[in-house]
Amino acid sequence: MSTAAEVTELKRAAREAVESSRDRLIELSADLQRHPETGYREERGAAVVADWFTGMGLPFETGLSRTGVKARMTGGSSGPTAAVLGELDALLLPGHPLADPATGAAHACGHHAQVASMLGAAMGLAAVREQLDGDVVFFAVPAEESTELEWRRELVRAGELRHLVGKADLIARGAFDDVDMAMLCHTASEGAPRLSVGDSHNGSVVKSVRFEGRASHAGASPWRGVNALKSATLALAAIDAQRDTFRDEDAVRVNAVMPHGGSAPTAVPDRAELEVVIRARTVDALRHACDAVDRAVRSGAVALGTTATTETTLNYLPHHQDPGLTELCRANAATLFGEAAISLGAHRGASTDMGDLSEVMPVLHPFTSGAVGDAHSVDYRVTDHAAAAVE
Ligand SMILES: [Zn+2]
Ligand SMILES: [Zn+2]
């Protein structure tokens, strides 16, 4: 235990150590940005992190949920273990100016800066490790984004993954069993506050729906066909008809695309597919919205006489930050940026697998400025690596 003055001095020493690594961290964030990799394929990023841990003399494990890298810094005396996370993955966004021409991967959510900030935290805490009551885990984690879901489903079927997203898979494997609390710092969209903390996120469920009917000549004998495309469009209309039943405070989003709706207009489509993402603020609201979608799918099938099969996957649990960690973060950030620069506790319609972690331990997930454009768009990129990755 330390006095308040001693804690202030430790913070100063840690901050100085981070500052002395500033140029390396900026360079690292920019380097990872230039080498985007999608979830569960982050081999180069994992190797870069492993090199940093080696350079710092920290013991680490690799290959956790395919690409996760986890190091442990032992404190001077016993206490809880806090994990600092950095998400390794990029999105699949071939139109992005910084996209990898070969794979189409692009850092349109700023995760490269998280990895640099995680390693910056390691540099800072290394300067005061003897004074820490408890350990710190530094963990580069895979696959926060929902990309290449069909490939991931195959990995689940093959037994290589247990969940589609990284933190849920890591939790299932016990990789967080020796951790008591976890935090990461994400970049926000353009025009965001300098730092926001305490925000919550929607949980989300993915439904892959397949309608099957019967093909026939669309001109000569359409009456012999059973039209799967009409089932899908009716289901979409029935989903829209129920939007009034979603309460404002539940922040429900139901978004769908139709990856397949027939091959040619000369034949009655015998197969149509919908990919539906359902999001809501609570598990109860998620269930309500999922029931509405299931009924809509059934109604489309019944009306046309097609068969509908639905594969349902829980993608992310709703995310809530711990109030105690939120207050510590706010108070510390205020000493750097001033009270006015910090925003508190908004609800966000997007989802994150920090939600899964927030179900099993206290978590902290502040957002920092440093990026331009809207997250997940071709315009999004971190331009101020110092703000995003160091400060
Ligand atoms: Zn994202
Ligand atoms: Zn993200």
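Residues numbered from 1 in each chain as written. Chains lettered and ligands numbered in written order. Predicted model: local features only at pLDDT ≥ 70, side-chain atom pairs only at ≥ 80, totals over all residues. Heavy atoms only, no water.

A. Quick peek at helix α4 (residues 111-126). Here α4 is 16 residues long and its end C-alpha atoms lie 23 Å apart, about the 22 Å a rise of 1.5 Å per residue gives. Within α4, 13 of the 16 residues are buried, which leaves the element mostly enclosed by the surrounding structure. (Helix = DSSP H or I, 4+ residues; strand = E, 2+ residues; numbered from the N terminus. Expected span 1.5 Å × (residues − 1). Buried < 20%, exposed > 50% of the residue type's maximum accessible area, 1.4 Å probe, protein only.)

B. Inspection of the pairing of strand β6 (residues 136-141) at higher detail. Burial analysis of β6 places six of its six residues in the buried class, which makes it a mostly covered element. Going residue by residue along β6, you find V136, F138 and A140 tucked away on one face and V137, F139 and V141 tucked away on the opposite face as well. Sheet analysis places strand β3 (residues 82-87) next to β6, joined by six bridges and oriented parallel. For L85, the partnering residue across the bridge sits in β6 and is F139. (Pairing = 2+ DSSP bridges.)

C. The arrangement of the packing of helix α2 (residues 22-33) against α4 in detail. For the pair α2 and α4, the least separation of the axes is 8 Å and the interaxial angle reads 150°. Comparing their axes, α4 and α2 come out roughly antiparallel. By crossing handedness, the relation of α2 to α4 is classed as right-handed. Note on element contacts: α4 touches α2 through H112, A113, V115, A116, L119, G120 and M123, opposite R24, L25, L28, S29, L32 and Q33. Grouping the constituent residues of the contact of α2 with α4 by class yields eight nonpolar, four polar and one charged. (Axes fitted to C-alpha atoms, helices over the stretch in contact; angles between N-to-C directions. Parallel < 35°, antiparallel > 145°, perpendicular 65-115°, else oblique. Left-handed = near helix turned anticlockwise from the far one by under 90°. Contact = heavy atoms within 4.5 Å. Nonpolar A, V, L, I, M, F, W, Y, C, P; charged D, E, K, R; others polar.)

D. Spotlight on the coordination of the zinc ion (ligand 2). Taken together, the protein ligands of the zinc ion (ligand 2) are C109 (SG), H111 (NE2) and H186 (NE2), with distances of 2.0 to 2.4 Å. Sequence positions of the residues that donate to the zinc ion (ligand 2) give the spacing C-x1-H-x74-H. (Donors = N, O, S within 2.8 Å, 3.2 Å for Na, K, Ca; no water.)

E. How the structure looks around the packing of helix α1 (residues 4-20) against α4. Where α1 meets α4, the axes come as close as 7 Å, and the angle between the chain directions of the two elements is 130°. Classified by the angle their axes make, α1 and α4 are oblique. In this structure, α1 meets α4 at a crossing whose hand is right-handed. Two secondary-structure elements touch here, α1 through A14, A17 and V18 and α4 through G120, M123 and G124.

F. Just the packing of aromatic side chains, in detail. In this structure the tally under the stated criterion is two aromatic pairs. Between F53 and F60 the ring centres are 5.9 Å apart and the planes differ by 45°, which places this aromatic pair in the tilted class. On the accessibility criterion, F53 (0% relative accessible area) is buried. Taking 5.3 Å as the distance between ring centres and 35° as the angle between the ring planes, the aromatic pair formed by F139 and F176 counts as tilted. With F139 in strand β6 and F176 in the loop between α6 (166-172) and β7 (181-183), this residue pair connects regions lying 37 residues apart in the sequence. For the pair shown, F139 and F176 are each scored as buried. One residue, R24, lies across the ring of W52, its end atom 4.0 Å from the ring centre. In this arrangement the basic side chain of R194 is found over the ring face of F337, its NZ or CZ atom lying 4.3 Å from the centre. (Phe/Tyr/Trp six-rings, centres within 6.5 Å; stacked < 30°, edge-to-face > 60°. Lys NZ or Arg CZ within 6 Å of the ring centre and 35° of its normal.)

G. Structural detail: the nonpolar core. Within the largest apolar cluster, 41 residues are counted, with the highest numbers of intra-cluster contacts made by V49, F53, M118, L119 and F138. Looking at this core, the elements with two or more residues in it are α1, α2, α3 (43-56), β2 (68-73), α4, β6 and α11 (385-390). Here this core takes seven residues from α4, the largest share from any one element. Every residue in contact with M118, bar those within four places of it in the chain, is listed here: V49, F53, V84, L85, G86, F138, F139 and A140. One finds A238, F246, L274 and V276 within the second-largest nonpolar core, a separate group that totals 25 residues. (Core = buried A, V, L, I, M, F, W, Y, C linked by side-chain atoms within 4.5 Å.)

H. Highlighting the domain arrangement of the chain. The assigned domain composition of the chain is domain 1 (4-201 + 319-390) and domain 2 (203-316). Using only C-alpha atoms to locate each centre, domain 1 and domain 2 end up separated by 35 Å. For the domain 1 and domain 2 pair, buried surface summed over both sides reaches about 1,200 Å², with 45% attributable to carbon and sulfur atoms. The interface formed by domain 1 and domain 2 includes two salt bridges. In this structure, E275 engages R153 in a salt bridge whose closest nitrogen and oxygen atoms are separated by 3.4 Å. Taken together, the elements giving at least two residues each to the side of domain 1 that touches domain 2 come down to α5 (149-157) and β10 (200-201). A total of three residues in the side of domain 1 that touches domain 2 trace back to one element, the largest contributor, which is α5. (Domains from an automatic or database assignment. Buried area = accessible area lost by both parts, 1.4 Å probe. Salt bridge = Lys/Arg side-chain N within 4 Å of Asp/Glu carboxyl O.)

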